[in-house]
Amino acid sequence: MTIRRLALSCALTAVAAGIGLTSTIARARPDEPGKIIVAANDRDDHDRNDHGHDRDDDDRDHDRGHHGHPREPIKVKVIGFNDFHGNLQSPGTFGINTVVPAAQRPAVGGAEYLAAYVAKLKSQNMLNVVVGAGDFIGASPLISALFFDEPAVETLNRIGVEFNAVGNHEFDKGSVELKRLQNGGCKLTNSVPDPNSCKGLGSNSPGTFDGARFKWLSANVFETATGRTLLPAYGIKNFRGVKVAFIGMTLKGTPAIVTPTGVAGLEFRDEADTVNALIPRLRAQGVDAVVVLVHQGGFQTSPNVGDINGCDGNLKNADGTDSDIANIVKRLRNGVDLVISGHTHAAYNCSANTVDVKNVNGTAVSTPRPTGLPNSQGRLIPVTSASAFGRILTDIDISFHPKSHKVLSVLPTNRLVDRTDVAINNAIATDPSVKNIVEGYNALVSPLANAVIGTIAAPLPNSANSAGEMPAGSLIADAQLQATQPPALGGAVMAFMNAGGVRNPGFAIAGAGYPYNVTYGNAFTVQPFGNSLVTMTLTALQIKNLLEQQFVGCQGQVQQRIMQVSNGLKYSWSAAAAPCSKILDVVLTPTDVTVTPPAVTGAPETLVANGQVLNLTKTYRVTVNNFMATGGDGFTVLLGGTNVLGGAQDIDALTAYLNAGYKAPKPAYDPALPALAIPRITQLP
């Protein structure tokens, strides 16, 4: 770590009075309320290298007022959010629950509004800290992604984030790129600075990129070559003698949902084991409370109205089993006092401030219900999540005993980042610095983002029907087949697209009229990953096994993941059949998708009938993206493909497909067109 970066990591962000956004950076003295200690990268053998110190006598003097009388409880405000995904601009409208009519849900989010709300909350208590639970970058809108997510980091700096857990999307571009975003410096492409890097609109000067002033934390992510954590495991902040530690980590399953090159050379360890191993070390440093920032989560159990301060079903799965986050919490030791979670993009508040909200004849009826999720000793731990995209902030007040520094209460409240709030808008008008950064990047990206690439006749959402088919997914699979169907580009006869890569909202634009002119910005929202296409040869048996691997329990699959399939391919699956025996029939009708409308070029061919592969060794050219090709989403069958050929980026294939076939004066893309052969997937009992 350089001296400059160490100074920044130990800096105190001084909050301006009132709601204004102005802040300064000053070196913190040991007796100041915001002293920050960041652990050096943890070693596998748990050797110490922590920079931490026990609470000294001067700190203890703060426990008592004049004449030795006990003081009031020491109160600390923790401000948390998660899954920002570079949403510098508003992601749309959002309500505190689904009982609120759509027309009454305010516009929310946007970096300047997050900054103003954070400043407002910080003004309520000078003992404060702003933290995140991962995925602050990656899968971002074009306004951030085009510039390698430097705009996201620059605005998060201005918002005042201090600690953030790594999430799975922090690894989309690999650990080297993540470290660059942490430490600063321009992105190099072919060994020269990339023209889209270092715009510097939110850095110290144009042509530079400062890097993150906050610390990414990666307690359970180890470099296999060194045995050390990739980034610091935790940070500690001293609030007038009260030491609070923040442990940051991502879900241990990250390698299964990230391109393998993104996690090369890294080991992802168990979340609960990681925390439990750190607690004794933190206690030895005089830490009084432990907050876990973890990129893993759950959902409120249906039926519910999704109230942002609810915890319906205590986050159990629909079948009554524990959610991923509950499984982590129930193994944690008593040393953990609060868990701030993410990943699922859900809002919940499992704490003393939980409310159960029911829809009674169109009216929200609220009933307080203190709760939490049980740890290994049965103690209920507050667990929160703030939805995604900057829609919500979690405002958490923690009270400590003035002498013992024991945690007395943890009171979280999820609050909308409401863009209609008059006071907040006045604050932004007074200090438009963050707004100016956003507008600057928007001006740079607008010519590309607003370019029309095609027209659609109806909404194409990324929501799936009962068989697992998505209208937006069918379009994307066809685009990828078109890009690789010519013999010189791969000679593909079918394409598969992972459903998780078809991002919300698909091509179902809120408030849009149809026919709708799709822009490059719309397309990038749906396909933001920059994956490249890969065409390979698979046998009929491998194709059948690949389709079987969509379902839980087959060849290591842990989650149902229905792939989207291209024109010409149809198959049926049985919901009741045993794992690895669900695919009943697969038929391929050769179809030329390079022409508009698509044209059938041969007789239908049956690959699978009544669950049996008819010609085990016959081969076919198949296109997927590089994430899937390397085993992403658990599709390990694809690792056995042969004659592999790389292709275009997914966003380029999608743009070319719409441009060539469905841009005026040509007719709009209509999913009801018979030549598109939709539906393609059939679910049977």
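Below you will find a few notes about this structure. A quick note: this is a predicted structure, and the numbers were derived from the prediction, not measured.

### Digging into the pattern of salt bridges
Pairing between side chains becomes possible if they bear opposite charge and their charged atoms approach one another. Summed over the entire model, instances satisfying the criterion amount to 22 salt bridges. A salt bridge links Asp 478 to Arg 680, with the nearest nitrogen and oxygen atoms 2.8 Å apart. Of this pair, Asp 478 sits in helix α11 (residues 471–484) while Arg 680 sits in the loop between α15 (650–661) and β39 (681–684), and the two are 202 residues apart along the sequence. Using a relative accessible area of 1% as the deciding quantity, one classes Arg 680 as buried.

### Structural notes on the sheet that holds strand β30 (residues 564–565)
Spatial strand order, β30-β27-β37-β29-β38: five strands in an open sheet with mixed pairing. A strand with exactly one partner marks an edge of an open sheet, and here the two such strands are β30 and β38 (642–649). One ladder, built from two bridges, connects strand β27 (residues 494–497) with strand β37 (residues 619–625); its direction is parallel. Directly across from Ala 495, in β37, lies its bridge partner Thr 623.

### Here's the deal with the sheet that holds strand β4 (residues 74–81)
One open sheet holds the six strands; their spatial order is β11-β8-β7-β4-β24-β25, and the pairing between them is mixed. Here the strands that pair on one side only, and so sit at the sheet edges, are β11 (215–217) and β25 (407–416). Taken over all neighbouring pairs, the strand axes of this sheet differ in orientation by 25° on average, direction set aside. Two strands pair when backbone bridges link them, and strand β24 (residues 392–400) and β25 are joined in this way by nine bridges, in the antiparallel orientation. Each bridged residue has a counterpart across the sheet, and for Ser 399 the counterpart in β25 is Ser 409.

### Observations regarding the packing of helix α5 (residues 150–159) against helix α10 (residues 433–449)
For the pair α5 and α10, interaxial distance at closest approach is 10 Å and the crossing angle is 175°. In terms of their interaxial angle, α5 and α10 are classed as roughly antiparallel. In this structure, α5 uses Pro 151, Glu 154, Thr 155 and Arg 158 to contact α10, whose residues at the interface are Ser 433, Val 434, Ile 437, Val 438 and Tyr 441. Across the contact of α5 with α10, the residue classes break down as five nonpolar, two polar and two charged.

### Examining the nonpolar core
Phe 81, Phe 171, Trp 216, Leu 393 and Phe 507 are the most contacted members of the largest nonpolar core, which totals 81 residues. For this core, the element with the most residues is helix α3 (residues 111–123), which contributes eight residues. With 33 residues, the next largest nonpolar core counts Leu 547, Ile 562, Trp 573 and Val 608 among its residues.

Rules of the game
Residues numbered from 1 in each chain as written. Predicted model: local features only at pLDDT ≥ 70, side-chain atom pairs only at ≥ 80, totals over all residues. Heavy atoms only, no water. Salt bridge = Lys/Arg side-chain N within 4 Å of Asp/Glu carboxyl O. Helix = DSSP H or I, 4+ residues; strand = E, 2+ residues; numbered from the N terminus. Buried < 20%, exposed > 50% of the residue type's maximum accessible area, 1.4 Å probe, protein only. Pairing = 2+ DSSP bridges. Axes fitted to C-alpha atoms, helices over the stretch in contact; angles between N-to-C directions. Parallel < 35°, antiparallel > 145°, perpendicular 65-115°, else oblique. Contact = heavy atoms within 4.5 Å. Nonpolar A, V, L, I, M, F, W, Y, C, P; charged D, E, K, R; others polar. Core = buried A, V, L, I, M, F, W, Y, C linked by side-chain atoms within 4.5 Å.

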